[in-house]
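# Topology and contacts: notes
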Amino acid sequence: MLKTHSCGELNKKHIGSKVTLAGWVDRRRDHGGLIFIDLRDREGITQIAFNPEIARQCHQVANGMRSEYVVRVRGRVAARPPGTENTRLATGEIEVVADSAEILNSSKTPPFYINEDIEVEESLRLRYRYLDIRRTRMRENLILRYKVVKFIRDFLDDRGFIEVETPILIKSTPEGSRDFLVPSRLHAGKFYALPQSPQQMKQLLMVAGLEKYFQIAKCFRDEDTRADRQPEFTQLDLEMSFVEEEDILSMFEQLFVSMVETVRPQMRVIRPFPRIRYTEAMEHYGTDKPDLRFGLKIADLTDIAAETEFAIFRSVIDNGGKVKGITAPGCADYSRSQLDELNKLVRSLGAGGVVTIALGAPGGSLGDLTLDKVKSVAAKFLTLDQIKQIASRLGAAPGDLLLIIAGDGDMVGAALGELRQEMGRRLKLADPNLLAFACVIDFPLLHRDKKLNRWEAEHHPFTAPRDEDMPLLGSAPEKARGRHYDIVCNGYEIGGGSLRIYRSDLQRKVFRLLGYNDDEINQLFGHMLEAFDYGAPPHGGIALGIDRLVMLLAGEKTIREVIAFPKTQEALDLTFNAPSPVTEEQLSQLHLLLREEEE
Ligand code: ASP
């Protein structure tokens, strides 16, 4: 190699050795005579000293070095003069006194500092991603990502799984999202689709008798741009035969616990991972992916509210709505403008507003509360006893602020769920070094798409209904539960899967329920039904979002920070400038004609 050591490994033990280093100029300091270069490579930084009295020629070369130049230096490792050691640097006790140096390549002045961890506009970072990755933060994130994936591979290998690659060009079938299509040159007018996930292929591998499969798989979904989604993403895709829900969930619990111990020992995991029913999650947290690092549970207050004289509560309840709330601990002194902000938030979520009840100054117990201490527009319509009942249901104490929303049950839950998150953030209740995993179970099998007036699979159409809910498929499909589970962490869904249908008669029945006629079923999914007729074993699996998991482990706020070359929120690749137009010739080979976009 062009170097004998990395820039991160030399220390006192190497003093006296002759070494050759190569890397980038992180910083150059000219001390009138002496020149110091901080030489950087992937492993670290080493100080190089150029002394004209020791090597004149070499000092001249150093004179021409600038930030981000690629250079190679030979010299002898020496102790830094006493008092000049740098304790923050692994190599901070030594320096290399250069006797020869060459510039391997120059560099333009980078559009942002590589050697400082300062905020840089994201579009600039993405355009010059190769420079962005030279920075410590991105480099560490990519290394962490590699360690996570390696850990997963080793863990599953130890348990008898084999990794199988599945194709990227497949058939377009309705699997939940919009497909990316690839026009076929050889078959005019026909298209492949990029996989939304290897779902059908991994199930066919179970029919094929592989029993334990996994893959670090690229998935593609052509969704409208949403914050923190990528059109292509990576998942750990896994499938097993002869298993039940708990076999998969408990293996993943073990996987996460050991993974965090290995790659992120400074973070804590709460064990065991709670198993939370979907209905419970919605009731207590207003979401199926609760952040369990803090409490602030939602409580139903409808029965108490129904007894009050407060017209807003009464009319909502008369119309079949709900009144629910949460407690914001210690927030009774919230100012007008702070309350306005909360109101604005819940209005943006479809609520009419939030009714706030401030429970006076902290100290004492609820029993001591008097009406004159309570601050709320609703106070004159509620009795002191009703306020105490509400406060006690919400587990509140004097000094706390009660946040109550009335309206349609689903909206109230969702708005309080967001409000709970917001209060968690404001009050810094979520420990950034804690990973609160949980398994959400017992999801409904289907939900009604009110616009299209039809049933949609909650997970995907291959999810098995629970045995005891089978009769409901005919009478009350909305009540049937699926054998679907999610793994959530800190407010994010990081994985989801299910036990699958493995008999063609039941699979056909579910497709019919989803509104497909027999012709459509045969045309779209005939290959699956046919396979199930050749001895398909009971099977189930899961997929884990690698991008999101690494984001949480890295303490980052977006998945773009843990992807080497991500797309922007508008699905653009700024490094390559994609998507881009293609030539007339390419279009004609693909039998395509572009049409004018209708206004
Ligand atoms: N195919 C599903 C997904 O990608 C996961 C699964 O059911 O295993 O979300």
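Below is a summary of the structure that appears in this document.

This paragraph deals with the sheet that holds strand E23 (residues 492-499). Pairing is mixed in the open sheet, where eight strands are placed in the order E6-E9-E10-E24-E23-E22-E19-E12. Single-partner strands in this sheet number two, and they are strand E6 (162-163) and strand E12 (275-277). Where strand E19 (residues 437-441) and strand E22 (residues 484-489) come together, four bridges link them in antiparallel fashion. Opposite Cys439, over in E22, you have Ile487 as the bridge partner. Taken strand by strand, helix H7 (residues 278-285) contacts E12 and E19, and its axis lies near 80° from that of E12.

To continue, consider the pattern of salt bridges. This structure, assessed with the given rule, holds 49 salt bridges. The closest approach of N and O atoms between Glu102 and Arg72, which form a salt bridge, is 3.1 Å. Here the residue Glu102 occupies a position in strand E5 (residues 94-105), and Arg72 occupies one in strand E4 (residues 70-79), the gap between them amounting to 30 residues. Classification of Glu102 by relative accessible area gives partly exposed; the value is 37%. Put simply, Glu246 and Arg275 hold a salt bridge, and the shortest N to O gap is 2.8 Å. Placement of the pair is Glu246 in helix H6 (residues 245-263) and Arg275 in strand E12, with a sequence separation of 29 residues. Residue class for Glu246 comes out partly exposed when judged on its relative accessible area of 41%.

Okay, the sheet that holds strand E16 (residues 374-375) next. On the basis of which strands lie adjacent, the open sheet formed by five strands has the order E13-E14-E17-E15-E16 and antiparallel pairing. Here the strands that pair on one side only, and so sit at the sheet edges, are strand E13 (299-300) and E16. With respect to the sheet, helix H12 (residues 409-426) is in contact with strand E14 (322-328) and strand E17 (401-407), its orientation differing from that of E17 by roughly 155°.

Among the residues of helix H14 (residues 504-513), those classed as buried are Ser504, Leu506, Gln507, Val510 and Phe511. The buried residues of H14 occupy an angular sector of 165° when projected down its axis, which confines them to one face. Contacts from the buried residues of H14 go to helix H13 (472-475) and helix H15 (518-532). One or two positions beyond H14, positive phi appears at Gly515, with a value near 100°.

Here is what the cut-offs are and how they apply
- Residues numbered from 1 in each chain as written.
- Predicted model: local features only at pLDDT ≥ 70, side-chain atom pairs only at ≥ 80, totals over all residues.
- Heavy atoms only, no water.
- Pairing = 2+ DSSP bridges.
- Helix = DSSP H or I, 4+ residues; strand = E, 2+ residues; numbered from the N terminus.
- Contact = heavy atoms within 4.5 Å.
- Axes fitted to C-alpha atoms, helices over the stretch in contact; angles between N-to-C directions.
- Salt bridge = Lys/Arg side-chain N within 4 Å of Asp/Glu carboxyl O.
- Buried < 20%, exposed > 50% of the residue type's maximum accessible area, 1.4 Å probe, protein only.
- Arc of directions from axis to C-beta.

Nothing here speaks to function; it is all geometry.
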